[in-house]
Amino acid sequence: MVSPTALATKMHVKDWSVWYGRIQALTSVSFEIQERDILGVIGPANSGKTSLLRSLNRMNDVDPTFRSAGQITLEGRDLYRELDSRQVRRRVGIVFALPLPLPLSIRDNVTYGPRLRGERNAARLEELTERSLRAASLWEEVKDRLDLTAMKLSGGQQQRLCIARTLAMDPEVILFDEPCSGLDPISTAKVEETMLQLKEHYAVVLVTNNTKQASRVSDRVAFFLMGELVELDRVDVIFTAPKDRRTEDYVTGRFG
Amino acid sequence: MRSPSWRRAVWTQRLALSSLFLATMVALVPAVVVIGLVLARGMPVFSWKFLTTMPTHGMRAGGIFPAVIGTLELVALTGIVALPVGVLAAIYLTEYARDHGLTRLVRLAIVNLAGVPSVVYGLFGLGLFVIFCRFGASLLAGALTLAIMILPVIITASEEALRSVPQSFREVSLSLGASRWQTVRYAVLPFAVPGIMTGTILGMSRAAGETAPILFTVAAFYLPRLPTSIFDQAMVLPYHLYVISTQIPNVPDVQRYGTAMVLLGLVLSLNIVAVVLRAHFRRKRQW
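Caption draft 1: Structural context of the overall build of chain B. If you tally the helices and strands in chain B, you get eleven helices and two strands. Over its C-alpha trace chain B gives a radius of gyration of 24 Å, far above what one expects of a compact globule, namely 19 Å for 287 residues. For the C-alpha atoms alone, the extent of chain B along its principal axes is close to 75 × 65 × 35 Å. Here chain B holds 287 residues, and 39% of them are scored as buried.

This is the structure in structure tokens:
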């Protein structure tokens, strides 16, 4: 049994603020992302959850109106000043809200990242494909048809394929952006199961609109409201004895 | 009870419908008549031999072989020159350029380029490629001139094709650690190829039918031999048609209409290929 305090800090967010043009999306947010831990991020629409997630792997860079202040570090190194954006995205993988496979074969989807990084060895790519699909609990369903186009898979399978694709890059942190918003309950259960397995090796951040999901899979939960971090604590504290009134209102469904 | 205003409404309706129908027919009829006339008058001379033999008797008889070959070579060369330039420009405009003064100026230039009369391109080609670059009247000079003329078509079509690739593909690719160029190369361009091909073929079909731009840059009145290099002049269909219609007396009608038919057939089949290709890939598209 590892006590929460023994977990190593993977990423450190310090006084982080984000603007898109003149609109402020995040206001001076500070917290830590820990190894072998799922951090659930909850909050209503426009609370800054997605802005936060996109800050953590520099996906905001493509938006020309994006500005930021503060600091985010990955193993002590500054994400925006010391690391290259491509490096960051390899080490901090993301799974998007909708299943977004590229219209390629299942195999080519999984190996997309490694191939572009320069991996040419067929045997190694083969091994990587199997390992990633197994880790995303999809291998048994697709092992006989790896050359089939990914578009033929069901929504739930596509989302697990996207997880496999992220895992194939061997990241250190995995960000989930409402990964089950388009899925049925059974697919959702499978994706949640996958997340719990991933926690054994990775630091996981899960942004979700589904409060119940956050309570099921998270170790710690952060509640965001209008760009501010209202409260961050162990999952049982957030759901049974939150310190802030607004958190309580939100998790009990009394909000708004 | 049918009131007078109701009856008036019925009449207005009928009048509107018939004028709409008539206007549509006005557009359709000439196309049918042109194609029908050319077919009817040209068919008697049309044969494999007409396509594959040299003209004889001062181009009053025989085939149109050199003009057919010249046109095919010219159009192919035009495509080879225009395609990469057009696609690269489109990639820059859609994937890299931010919306500022320069890009707006470039877009304005492209739109205007499409509106320049073709004879001006001919004169431009004469000045730049034939004289200044010393290519002489040659396939190369003609192809470069035509390439500039069809560049707007290819750029516009390619831009549209690139924009129709979902933004999410780019996001996914970047999120997997790809560079911007890798993203364009592997997650955008492959899915834009059908649209780019369609645009290029339409551009080439336009190039195949133009007379003015090739007048001073490549077209030869008559050549006893086929061109052997890109620095040779060539006979080409549109100019050949012009020559036998206006410059040589006593050319039998059937020779002219036969030539017109071949030219029309070439242009129409390129257009049809483009349309079929587009329909095919649209059906096959997975997203």
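Let us keep going from here.
Caption draft 2: Seen up close, the sheet that holds strand E5 (residues 77-78) of chain A. Residue and element names in this part refer to chain A. Overall, antiparallel pairing links the four strands, which are arranged E2-E1-E4-E5 in an open sheet. The open sheet has two edge strands with one neighbour each: strand E2 (23-34) and E5. As defined by bridge partners, strand E4 (residues 66-74) adjoins E5 across two bridges and the pair is classed as antiparallel. Note on E5: the bridge partner recorded for Thr 73 is Asp 78.

Caption draft 3: Seen up close, the packing of helix H7 (residues 155-167) of chain A against helix H8 (residues 185-198) of chain A. Residue and element names in this part refer to chain A. Contact pair H7 / H8: the axes reach a minimum separation of 9 Å and the direction vectors enclose 15°. For the element pair H7 / H8, the angle class is roughly parallel. Our pair here, H7 against H8, has a crossing hand that is right-handed. Here H7 contributes Gly 155, Gly 156, Gln 159, Arg 160 and Ile 163 to the contact with H8, which in turn contributes Ser 187, Lys 190, Val 191 and Thr 194. The class makeup of the residues in the contact of H7 with H8 is two nonpolar, five polar and two charged.

Caption draft 4: Focus on the interface of chain A and chain B. The interface of chain A with chain B comprises 19 residues on the first partner and 16 residues on the second. Mapped by element, the contributors of at least two residues to the side of chain A that touches chain B are helix H2 (85-91) and helix H4 (112-117) of chain A. Here the side of chain A that touches chain B gets four residues from one element, more than from any other, and that element is H4(A). Residues that form the side of chain A that touches chain B fall into these classes: eleven nonpolar, three polar and five charged.

Caption draft 5: Focus on the pairing of strand E7 (residues 173-177) of chain A. Residue and element names in this part refer to chain A. Extensive coverage of E7 is indicated by the burial of five of its five residues. The alternating pattern of E7 places Val 173, Leu 175 and Asp 177 on one face and Ile 174 and Phe 176 on the opposite face, and all of these are buried. Where strand E6 (residues 92-95) meets E7, four bridges bridge the pair, whose relative direction is parallel. Considered in E7, the bridge of Val 95 is made with Phe 176. With H8 bridging E7 and its parallel neighbour strand E8 (residues 203-207), the resulting β-α-β unit is right-handed.

Caption draft 6: Fine view of the sheet that holds strand E9 (residues 220-225) of chain A. Residue and element names in this part refer to chain A. Pairing is mixed across the open sheet formed by six strands, whose spatial order is E6-E7-E8-E3-E9-E10. The open sheet has two free edges, formed respectively by E6 and strand E10 (228-234), since each of these has just one partner strand. The average undirected angle you get between the axes of adjacent strands in this sheet is 20°. Sheet strands in contact with H7 are E6 and E7, and its direction is about 170° off that of E6.

Caption draft 7: Quick peek at helix H1 (residues 49-56) of chain A. All names here are of chain A. Across the eight residues that make up H1, a large majority, seven, are buried. Those residues of H1 that sit buried are Lys 49, Ser 51, Leu 52, Leu 53, Arg 54, Ser 55 and Leu 56. Remark: Arg 58 follows H1 within two positions and exhibits a positive phi of approximately 60°.

Thresholds, definitions, all that
- Sequence order as written defines residue numbering, which begins from 1 separately in each chain.
- The order in which chains are written sets their letters, starting at A; the order in which ligands are written sets their numbers, starting at 1.
- Only residues with pLDDT of 70 or above have their local features reported here, since the model is predicted, and side-chain atom pairs are shown and tallied only from 80 upward, although totals for entire chains, interfaces and linings are computed over all residues.
- Starting at the N terminus, helices and strands are each numbered in turn, a helix being any DSSP run of H or I of at least four residues and a strand any DSSP run of E of at least two.
- In this description the radius of gyration comes from C-alpha coordinates, and the expected globular size is given by 2.2 Å times residues to the power 0.38.
- Counting other C-beta atoms within 10 Å of each residue's C-beta, where C-beta atoms are placed from the backbone, gives the exposure class: buried for 20 or more, exposed for 12 or fewer, partly exposed between.
- Pairing between strands is defined by DSSP: at least two bridges between them are needed.
- For every element, the axis is a line fit to its C-alpha atoms; helices are fit only across the contacting stretch, and the angle between N-to-C directions ranges from 0 to 180 degrees.
- For classification purposes, an angle smaller than 35 degrees is called roughly parallel, one larger than 145 roughly antiparallel, one from 65 to 115 roughly perpendicular, and anything else oblique.
- In a left-handed crossing the near helix is turned counterclockwise from the far helix by less than a right angle, and in a right-handed crossing that turn is clockwise.
- C-beta atoms are first placed from the backbone for all residues, and any pair lying within 7 Å is then listed as a contact.
- Following the grouping adopted for this structure description, the nonpolar residues are Ala, Val, Leu, Ile, Met, Phe, Trp, Tyr, Cys and Pro, the charged ones are Asp, Glu, Lys and Arg, and the polar ones are all others, Gly among them.
- Convention used here: a crossover is right-handed provided that the path from the first strand, over the helix, to the second strand proceeds clockwise when the strands point away from the viewer.

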